[in-house]
Amino acid sequence: MNGNIGQSLRPLDLHIQLVSESAETSQRNEVINMPDMSLLTHFMVHVSGRMALHPQRKLIWQRVIPTMAAEQEYLMHLLLALAGTHALCEADSPDTNLLNSKFDQTIPEAECFRDYHRILDHHQKGLEGFRHALSEATASTADYIFCGSILTVAFSFASLRIRALGDKGIGFHNGDSAGEPWIDWLHLVRGLGALVGEHYIALRTSRLRTLMDHPQANEHWKDFSATSPTRVFPRLRHASPQFVRFSQGAAQQISLLRDFANTLTQDFGINMEDTPSPDSYGSPNLQTIPELLREQVSTLDRLEEMYMRTLYVFQFSTSERDSSASVDIQTDLEDAAVLSWPLIISNTFILSLQQGQDAGMFGGFSYVILAHFYVILLLFEDLWYLRGAFPREIQNVHRLVEKLGDGALMSLMEWPMAMQGE
């Protein structure tokens, strides 16, 4: 098993104030108590049917994953952490039953923190068990490990909604007063795709095999010539305006991003055929810039593939699903695996994002590319763990790029900002 996967599986640091030592000790001594049973009930009633859009994938979340969690304690911890995260995220929604009514804004903040600490405790215990399972992985345990990876990825996405709760007045402080884009979640997701590759044959016949079926994740989009702007496809006429805006701007944005990369190559006299520098990333200098730019161009290839898959789906005729036009489109996008992009960008590209506020123009370009990936996630307005988090992250990227003072980079942020509605 790839050692890098285990290294990336560390609990997300959400900078949440801890509860008292006595409360922590009490929670460590508990296994599955009544509050945990409430979390499990919340998952079964409110979460399991909202983790996917395709009916067959929904059934996996409703039946198979809870069964597997009952068979492996670390999976139950991961499931309970995800359930608690959903309760927090939906606390401000009038049609959501609040978990023990403890997330109502009239409840003292200390009570909210205590339950939030319980969620993080499950998250940490689940990852500890997951790491141990990884170290002893065999074909016979591959389905459990795959289940753990799915729960971990879902929590990673949802953690960005938790981070955004500070904007909703719920009172959680996430240690991001500078408003920097948050990339910790990418570290947690990266590398998990190797699990599927290593035990692919076993997983194809496992209880989770339906989750591996993405019939539209192919290269058929290459038969479609995207124009700029793309016409409004008939399927989009009854869908959310968000889809129309994407179809009108996606192809043009890819062209603009590539033009900017070409300009950098020319302005800095970079020969893209040179042998990459062995130097590690730090503050970009003339020795590391060619390697960084190569990585950015390669990542643009991945971005274009995801955008073109999306536009290809937009061309489909309406299906016979019993759903709205928007949900129908999102289900086909799920089948196209466009949500898998964090697994196909490289660790090297993610490293170029680690400079935060110290990023120069080249580091800023990496953030701009990231914001364009986030636009894809804006289209999934009916998946609870994506809704509401990525507009904030796009705004954080915009603030970072604005501080760099580069007009060309700022112009590349206009479309992501327009797509997130601000």
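Residues numbered from 1 in each chain as written. Predicted model: local features only at pLDDT ≥ 70, side-chain atom pairs only at ≥ 80, totals over all residues. Heavy atoms only, no water.

Participant: Account for the overall build of the chain, with residues named and values stated.
Facilitator: Summing up its helical and strand segments, the chain has 19 helices and zero strands in all. Across the 422 residues in the chain, those meeting the buried criterion constitute 55%. (Helix = DSSP H or I, 4+ residues; strand = E, 2+ residues; numbered from the N terminus. Buried < 20%, exposed > 50% of the residue type's maximum accessible area, 1.4 Å probe, protein only.)

Participant: Before we move on, can you summarise unusual backbone geometry with the specific residues and values?
Facilitator: You will see that Ala337, though not glycine, has its phi angle at about 60 degrees, which is positive. Here Ala337 shows up in the loop between α13 (325–335) and α14 (341–344).

Participant: I'd like to hear about the pattern of salt bridges, residue by residue, with values.
Facilitator: Tallied over the full model, the rule gives 16 salt bridges. The shortest N-O distance in the salt bridge between Lys222 and Glu219 comes to 3.2 Å. Glu219 sits in the partly exposed class, given a relative accessible area of 48%. A salt bridge links Arg309 to Glu305; the shortest N-O distance between them is 2.8 Å. In this pair, Arg309 and Glu305 are both assigned in helix α12 (residues 289–314), four residues apart and thus about one turn of the helix distant. Residue Arg309 shares its accessibility class with Glu305, and that shared class is buried. (Salt bridge = Lys/Arg side-chain N within 4 Å of Asp/Glu carboxyl O.)

Participant: Describe the environment of Ala371, and please don't skip the residues or the numbers.
Facilitator: Among the secondary structure elements, Ala371 is positioned in helix α16 (residues 361–378). When the C-alpha atoms of Ala371 and Ile394 are compared, they prove to be 5.5 Å apart, with 23 residues separating the residues in sequence.

Participant: Account for α12, naming residues and giving values.
Facilitator: Across its 26 residues, α12 extends 37 Å between first and last C-alpha, which sits within 8% of the 38 Å expected from 1.5 Å per residue. The element α12 is extensively covered by neighbouring structure, given that 20 of its 26 residues are classed as buried. (Expected span 1.5 Å × (residues − 1).)

Participant: Just give me the short version of the packing of aromatic side chains, but keep the residues and values in it.
Facilitator: With the rule as written, the count across this model stands at 18 aromatic pairs. Here Phe157 and Tyr385 contribute two aromatic rings whose centre-to-centre distance is 6.4 Å and whose plane-to-plane angle is 45 degrees, an arrangement assigned as tilted. Taken together, the residues span a long stretch of sequence, with Phe157 in helix α7 (residues 142–163) and Tyr385 in the loop between α16 and α17 (390–404) at a distance of 228 residues. For the pair Phe157 and Tyr385, one class covers both residues: buried. Connected via pairs of aromatic rings, a cluster forms that spans Phe157, Trp185, Trp341, Phe373, Tyr374, Trp384, Tyr385 and Phe390. (Phe/Tyr/Trp six-rings, centres within 6.5 Å; stacked < 30°, edge-to-face > 60°.)

Participant: Got a sec to walk through the packing of helix α4 (residues 55–71) against helix α5 (residues 73–89)? Specific residues and values, please.
Facilitator: Helices that pack against each other are described as a pair by the angle of their axes relative to one another and the distance between those axes. For the pair α4 and α5, interaxial distance at closest approach is 5 Å and the crossing angle is 130 degrees. Judged on the interaxial angle alone, α5 and α4 are oblique. Taken together, the residues of α5 that come into contact with α4 (itself represented by Trp61, Ile65, Pro66, Met68, Ala69, Ala70 and Glu71) are Glu73, Leu75, Met76, Leu79 and Leu82. Here the contact of α4 with α5 is composed, by residue class, of 10 nonpolar, no polar and two charged. (Axes fitted to C-alpha atoms, helices over the stretch in contact; angles between N-to-C directions. Parallel < 35°, antiparallel > 145°, perpendicular 65-115°, else oblique. Contact = heavy atoms within 4.5 Å. Nonpolar A, V, L, I, M, F, W, Y, C, P; charged D, E, K, R; others polar.)

Participant: Can you break down the confidence of the model for the chain residue by residue, with the values?
Facilitator: Residue-level pLDDT values for the chain average 80, and 75% of them are 70 or greater. Here residues 15–29 scores under 50 on pLDDT; set against residues more than four positions off or in separate chains, the count is 24 contacts. Within the model, pLDDT remains below 50 along residues 275–287, and this stretch shows 22 contacts once partners closer than five positions in the same chain are excluded. (pLDDT = per-residue confidence, 0-100.)

Participant: Give me the lowdown on helix α3 (residues 34–47), citing residues and values where you can.
Facilitator: Given a rise of 1.5 Å per residue, 14 residues ought to cover 20 Å, and the 18 Å separating the end C-alpha atoms of α3 matches this to within 8%. Of all the positions in α3, only Asp36, Leu39, His42, Phe43 and Val47 are classed as buried. Viewed end-on, α3 has its buried residues packed into an arc of 110 degrees, placing them on one side of the element. Across α3 from its buried face, at more than 90 degrees, point the exposed residues Met34 and Val45. (Arc of directions from axis to C-beta.)

Participant: If you had to explain the side chain of Asp143 to someone new, which residues and values would you point to?
Facilitator: Locating Asp143 in the fold gives a position in helix α7. The exposure class of Asp143 is buried, given its relative accessible area of 12%. Within the local environment of Asp143, its side chain forms a polar contact with the side chain of Arg207, the two groups lying 3.4 Å apart. For Asp143, the contacting residues outside a window of four places in its chain are Met68, Leu203, Ser206, Arg207 and Leu208. (Polar contact = N/O pair within 3.5 Å; in protein donor to acceptor, adjacent residues only side chain to side chain.)

Participant: With reference to specific residues and values, describe the side chain of His398.
Facilitator: Position of His398 relative to the elements: it lies in helix α17. If sequence neighbours within four positions are ignored, His398 has contacts with Met410, Met413 and Met417.

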